[in-house]
Each structure stands twice: as structure tokens, then as C-alpha cells.
Amino acid sequence: MPYYRSTRPINVSLLSPQKIALFWAKVQRTETCWLWVASVNPKGYGRFNIGGHDSIVVLAHRLSFTLERGAIPQGLDIDHLCRVAACVNPTHLDPVTNRANMLRGMNFAAMESRQSNCKRGHPFDLFNTIFKAKGRECRACRRLRGPAYNKTYRARLKAKLQE
């Protein structure tokens, strides 16, 4: 089973010119993206076996970045600016922190963080936002919900007492 290395530094000085040529042979260059046409992982990111006795496999976009732009700074992830997982174009790759990478994405947390108003249109600003462990809440909506909840709670309590 090949050893899969995703975030550890890649030592390109150990790669032969033939191995580098083999890597670029597996790239299809289009007008915008350079698409990896060989092996991909389940998330669609390219994989390349850089060989050696350990049979080390690296992510193709990380190797492309390292070959063309130098080493990836420690503690940073590579973000695909084009949002195409199979793209290895170094100009589409940006070294960023993991947090920045997640917030640039299309996951739930990223979309929530980009939301500037609540569902009723109140702004999420310093004075109208309650920060909680699991997100944030609109202070104006909370004030509107309070009396309605109290009214239904009192009605339920009254009905329960009359039973």
C-alpha cells in the first residue's frame, strides 16, 4: 500500500528530470485550468506517486505548486482559486491558512459567515448579533420571538392546569 503524504513538505530535489517530465505529461492544459488526467482521490484531487522505496504518493496540485512556485510555507494549505479540484495550474493555487481555505469554500460554515443579514433582513452587526458557541443569533429576532413564545407557553400552562 503506498504511503499517502498530503501536507508534509515535498523535496523536489529528490525527483529525477524523467519523473518531473512524467508528472507534466499527466496534465491537460486548457485555456483556464491545467487538469490532472491521471489518478485522483475520492474528492477529485490528483495523486502522483513520486516513487522511492516507500512508494510515496503526493497530491498533484501541491507538487505542481512546489515545482513552479517553490516550497509551500509551513502551516498553510493550498486553496484552489478556480474551485476545480483536478486543477494543477500554479496561478490558480494560493497558500492560505486552513481557516481561510475553509471560509473561501462552499461549506455550510463558509456560507453562514458570508451572510450579512438574518432571514428577516436585520443586519448582523456588532449591536444586533448575539454570538453563541454554535453560531450567531439576531438580537432583534430574539426580541420578537420572546412575547410570542411567552403567549403560547402561558396558554399551554393554563390548559395543563385546567386538566
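Everything in this summary refers to the structure shown in the same document. Worth saying up front: this structure is predicted, and the values here are computed from it rather than measured.

**Digging into the packing of aromatic side chains**
Inspection of every chain in the model, using the stated rule, returns five aromatic pairs. When the ring of Phe 23 is compared with that of Phe 48, the centres are 5.2 Å apart and the planes differ by 80°; the resulting orientation is edge-to-face. Of this pair, Phe 23 sits in helix α1 (residues 17-25) while Phe 48 is found in strand β4 (residues 47-51), placing the two residues 25 residues apart along the sequence. On the basis of relative accessible area, Phe 23 is assigned to the buried category, the value being 0%. Ring pairing ties together the aromatic residues Phe 23, Trp 24, Trp 34, Trp 36 and Phe 48, which thus form one cluster.

**As for the side chain of Thr 66**
Looking at the secondary structure, you find Thr 66 in helix α2 (residues 60-69). Sequence-distant contacts of Thr 66, defined by excluding residues within four places in its chain, comprise Ile 10, Val 12, Ala 71 and Ile 72.

**Overview of the pattern of salt bridges**
Counting across every chain of the model gives six salt bridges. Where Asp 79 meets Arg 83, a salt bridge forms, and the shortest distance between an N and an O atom there is 3.1 Å. Classification of Asp 79 by relative accessible area gives buried; the value is 1%. Between Asp 79 and Arg 104 there is a salt bridge whose closest N-O contact spans 2.8 Å. Taken together, the residues Asp 79 in strand β6 (residues 77-80) and Arg 104 in helix α3 (residues 98-104) connect sequence positions 25 residues apart. Judged by its relative accessible area of 34%, Arg 104 falls in the partly exposed class. Here the salt bridges share partners, and the residues they tie into one network are Asp 79, Arg 83, Asp 94 and Arg 104.

**A look at the state of the cysteines**
Linking two cysteines covalently through their sulfur atoms gives a disulfide. Enumeration according to the criterion identifies zero disulfides in this entry. Not engaged in a disulfide, the cysteine Cys 82 finds its nearest cysteine sulfur in Cys 87; these two sulfurs lie 3.7 Å apart. On the basis of relative accessible area, Cys 82 is assigned to the partly exposed category, the value being 24%. Here Cys 118 stays free of any disulfide, with the sulfur of Cys 141 as its closest cysteine sulfur at 3.6 Å. On the accessibility criterion, Cys 118 (10% relative accessible area) is buried.

**Brief notes about the environment of Pro 42**
Examined against the element boundaries, Pro 42 turns out to sit in the loop between β3 (34-36) and β4. Between the C-alpha atoms of Pro 42 and Gly 75, which are 33 residues apart in sequence, the distance is 24 Å.

**Overview of the packing of α1 against α2**
It is the contact of α1 with α2, at a shortest axis distance of 12 Å, that shows an interaxial angle of 120°. As far as their axial angle goes, α2 and α1 are oblique. Note that α1 runs across α2; the crossing there is left-handed. Residue-level contacts link Ile 20, Phe 23 and Trp 24 of α1 to Ala 60, Leu 63, Ser 64, Leu 67 and Glu 68 of α2. Residues of the contact of α1 with α2, tallied by class, amount to six nonpolar, one polar and one charged.

Rules used throughout
Residues numbered from 1 in each chain as written. Predicted model: local features only at pLDDT ≥ 70, side-chain atom pairs only at ≥ 80, totals over all residues. Heavy atoms only, no water. Phe/Tyr/Trp six-rings, centres within 6.5 Å; stacked < 30°, edge-to-face > 60°. Helix = DSSP H or I, 4+ residues; strand = E, 2+ residues; numbered from the N terminus. Buried < 20%, exposed > 50% of the residue type's maximum accessible area, 1.4 Å probe, protein only. Contact = heavy atoms within 4.5 Å. Salt bridge = Lys/Arg side-chain N within 4 Å of Asp/Glu carboxyl O. Disulfide = S-S within 2.5 Å. Axes fitted to C-alpha atoms, helices over the stretch in contact; angles between N-to-C directions. Parallel < 35°, antiparallel > 145°, perpendicular 65-115°, else oblique. Left-handed = near helix turned anticlockwise from the far one by under 90°. Nonpolar A, V, L, I, M, F, W, Y, C, P; charged D, E, K, R; others polar.

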